[in-house]
Amino acid sequence: MNAVLRSLWDEPRPPDPPSRVWRDWALLGVLGTAVLLEGLFRPDMPWRVLSVVVAAALVPALLWRRTRPLPVFLVASGTTAVVTLLTGGAAPSAYATAGLLLLPYALARWGSGREIVLGLGTVLPETALPVALGQKSVADAAGGLVVLFATVALAAAFRYRARARLRELDQAKLLERERLARDLHDTVAHHVSAMAIRAQAGLAMMPSQPDAAAEALQLIEAEAARALDEMRTMVRVLRRDEPADLAPNPRIADLENLASRARPSVDVTVTGDLGDLPPSIGSAIYRLAQESVTNARRHARHVTRIEVRVTADDTAVRLRVSDDGDPGHPGSPGYGLAGMIERAGLLGGTCEAGPNPGRGWTVTAVLPRGGAAA
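Residues numbered from 1 in each chain as written. Predicted model: local features only at pLDDT ≥ 70, side-chain atom pairs only at ≥ 80, totals over all residues. Heavy atoms only, no water.

It is worth spelling out the side chain of Thr362 at this point. Looking at the secondary structure, you find Thr362 in strand β5 (residues 361–368). At a separation of 2.3 Å, a polar atom in the side chain of Thr362 contacts the side chain of Asn356. Excluding residues within four positions of it along the chain, Thr362 makes contact with Arg320, Val321, Ser322, Glu352, Ala353, Gly354 and Asn356. (Helix = DSSP H or I, 4+ residues; strand = E, 2+ residues; numbered from the N terminus. Polar contact = N/O pair within 3.5 Å; in protein donor to acceptor, adjacent residues only side chain to side chain. Contact = heavy atoms within 4.5 Å.)

Shown next, in the form of structure tokens:
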């Protein structure tokens, strides 16, 4: 039990709470208008002026519910409790204050563990005191607590769901980084091997063919520059301390393996000069195309054809994978797209996906030909 309480107390705030958006201002306007209309037209409203003033003063606190969840919750609950005690339990009684349930929701959704414990810890004494003074019945107090903790439970469920999704996204990115690490291992090993062979040849030819030795040095310099670019990219790759899988990685030439005449058919076209392309770029293009084809087969409805197009020029290699499925093709097929964006970004490129104007779905990726990190 102590471990559970300690874990709750040490729970950090969720990262990146949403900033204030137009919906917050719209909510503020709606609740403020509702408070004024209720004050004007509700005939049985006790302590009319005080109820309207208190409710109108508390509604703006919703603007800070994500960034300052505990102070805002304490101010709102403390004000309500004090006014209730001073008026004998009759105020504030504006129905529009039901919108203030967003404050305990925000506390449980965006607050830290200790903020949640401290905030909810003030609820029981604030609820018990009016009951002890005879200003509120036990049934009314219990009903209020049920509504409050149901709101907190809903916020906790959304908080858990968001955390689970974040973990899955991180796992997808980590898996893509590990794959990229294997690709870069092969690339750097290739460059170093080429430099070693050319250095041996240059040493052997130096006494009799100085010009050939100088040419070998120039080739070694070029290979070293490429290896340095790949190493700079590798620095950005985060890996777990596990043995690397050093199996050969696929290249653009292997895209033909994706072609299929079966339904849905896959048509592969490669154009442009692909000579002297870094292996990491070739492998990345293959991985992106493979994932795109897999997503189209798995998620596109009534798809009959998938087209894979690769074009290369002096500066970049472009990949386009499109299908002719129904417009209902989902925008987030699993977490593969997150890994694809991560892979392209680590190589200094971009990857985007979206629906076609008519039917189908298209994934486009652009990678710099040199493979330099962004």
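Turning our eyes to something else, we now look at helix α7 (residues 123–132). Those residues of α7 that fall on the buried side of the exposure criterion are Val123, Thr127 and Pro130. Axial view of α7: buried residues confined to an arc of 65 degrees, hence all on one face. Along α7, exposed side chains directed more than 90 degrees from the buried face belong to Leu124 and Ala132. A positive backbone phi angle near 80 degrees is found at Gly134, which sits one or two residues after α7. (Buried < 20%, exposed > 50% of the residue type's maximum accessible area, 1.4 Å probe, protein only. Arc of directions from axis to C-beta.)

Spatially, 5 strands are ordered β1-β2-β3-β5-β4 in an open sheet, and the strand pairing comes out mixed. Each having just a single partner strand, β1 (265–272) and β4 (350–355) make up the two edges of the open sheet. Strand-to-strand, the axes of this sheet are offset by a mean angle of 10 degrees, without reference to chain direction. Of the strand pairs in this sheet, strand β3 (residues 316–323) and β5 are connected by 7 bridges, and their pairing is antiparallel. Within β5, the residue paired with Arg320 across the bridge is Thr364. Contacting β1, β2 (305–312), β3 and β5, helix α10 (residues 279–299) runs over the sheet at an angle of about 10 degrees to β3. (Pairing = 2+ DSSP bridges. Axes fitted to C-alpha atoms, helices over the stretch in contact; angles between N-to-C directions.)

Looking now at unusual backbone geometry. Of note in the backbone geometry, Asp16 takes a positive phi value of approximately 55 degrees without being a glycine. Note that Asp16 resides in the loop between α1 (2–9) and α2 (22–41). If you check the backbone angles, His302 has positive phi at about 55 degrees while not being a glycine. Inspection of the secondary structure assignment puts His302 in the loop between α10 and β2.

The next point concerns the pattern of salt bridges. The full count for this structure, using the stated rule, is 11 salt bridges. Linking Glu307 and Arg305 is a salt bridge whose minimum nitrogen-to-oxygen distance equals 3.1 Å. A relative accessible area of 24% places Glu307 in the partly exposed class. Each of the salt bridges in this network shares a partner with another, and the network as a whole consists of Asp267, Arg305, Glu307 and Arg309. (Salt bridge = Lys/Arg side-chain N within 4 Å of Asp/Glu carboxyl O.)

Attention now goes to the nonpolar core. Leu255, Ile285, Val308, Val317, Leu319 and Leu367 are the most contacted members of the largest nonpolar core, which totals 32 residues. Mapped onto this core, the elements with two or more residues apiece are β1, α10, β2, β3, α11 (336–346) and β5. Of all the elements, α10 adds the most residues to this core, at 8 residues. In this structure, Leu367 is in contact with Ile281, Ala284, Ile285, Leu288, Thr315, Ala316, Val317, Ala344, Leu347 and Gly349, ignoring residues within four places of it in sequence. By size, the runner-up hydrophobic cluster in this structure holds 29 residues, among which are Leu62, Leu107, Ile116 and Leu120. (Core = buried A, V, L, I, M, F, W, Y, C linked by side-chain atoms within 4.5 Å.)

With respect to the element layout, Leu103 can be found in helix α5 (residues 102–110). If we skip the residues at most four places from it in the chain, Leu103 touches Ala61, Leu62, Arg65, Val72, Phe73 and Ala76.

Time to look at the UniProt feature "transmembrane region" (unreviewed entry) in the protein chain. Listed under "transmembrane region" (unreviewed entry) in the UniProt record, and renumbered for this structure, are residues 47–64, 71–95 and 141–160. In the segment residues 47–64, helix accounts for 61% and strand for 0%; the C-alpha atoms at its two ends are 28 Å apart. Taken end to end, residues 141–160 comprises 100% helix and 0% strand; its first and last C-alpha atoms sit 28 Å apart. (UniProt positions renumbered as here; feature names shortened; annotations may be inferred.)

The next thing to look at is the packing of helix α4 (residues 69–86) against α7. At a minimum axis separation of 10 Å, α4 and α7 run at an interaxial angle of 10 degrees. For the element pair α4 / α7, the angle class is roughly parallel. Contacts between α4 and α7 involve Phe73, Ser77, Gly78, Ala81 and Leu85 from the first element and Val123, Glu126, Leu129 and Pro130 from the second. Taken together, the residues of the contact of α4 with α7 sort by class into 6 nonpolar, 2 polar and 1 charged. (Parallel < 35°, antiparallel > 145°, perpendicular 65-115°, else oblique. Nonpolar A, V, L, I, M, F, W, Y, C, P; charged D, E, K, R; others polar.)

Here we come to the packing of aromatic side chains. Given two aromatic rings, one states the distance between the centres and the angle between the planes to describe the pair. The full count for this structure, using the stated rule, is 0 aromatic pairs. Geometry around Trp110 places Arg109 over its ring, the cationic atom sitting 4.0 Å from the centre. (Phe/Tyr/Trp six-rings, centres within 6.5 Å; stacked < 30°, edge-to-face > 60°. Lys NZ or Arg CZ within 6 Å of the ring centre and 35° of its normal.)

Moving on, we come to the pairing of β3. β3 sits mainly inside the fold: 6 of its 8 residues count as buried. Relative to β3, β2 runs antiparallel, the two sharing 7 bridges. The residue of β3 that forms the bridge with Thr311 is Arg318. A loop of 3 residues connects β2 with β3, the two strands running antiparallel in sequence.

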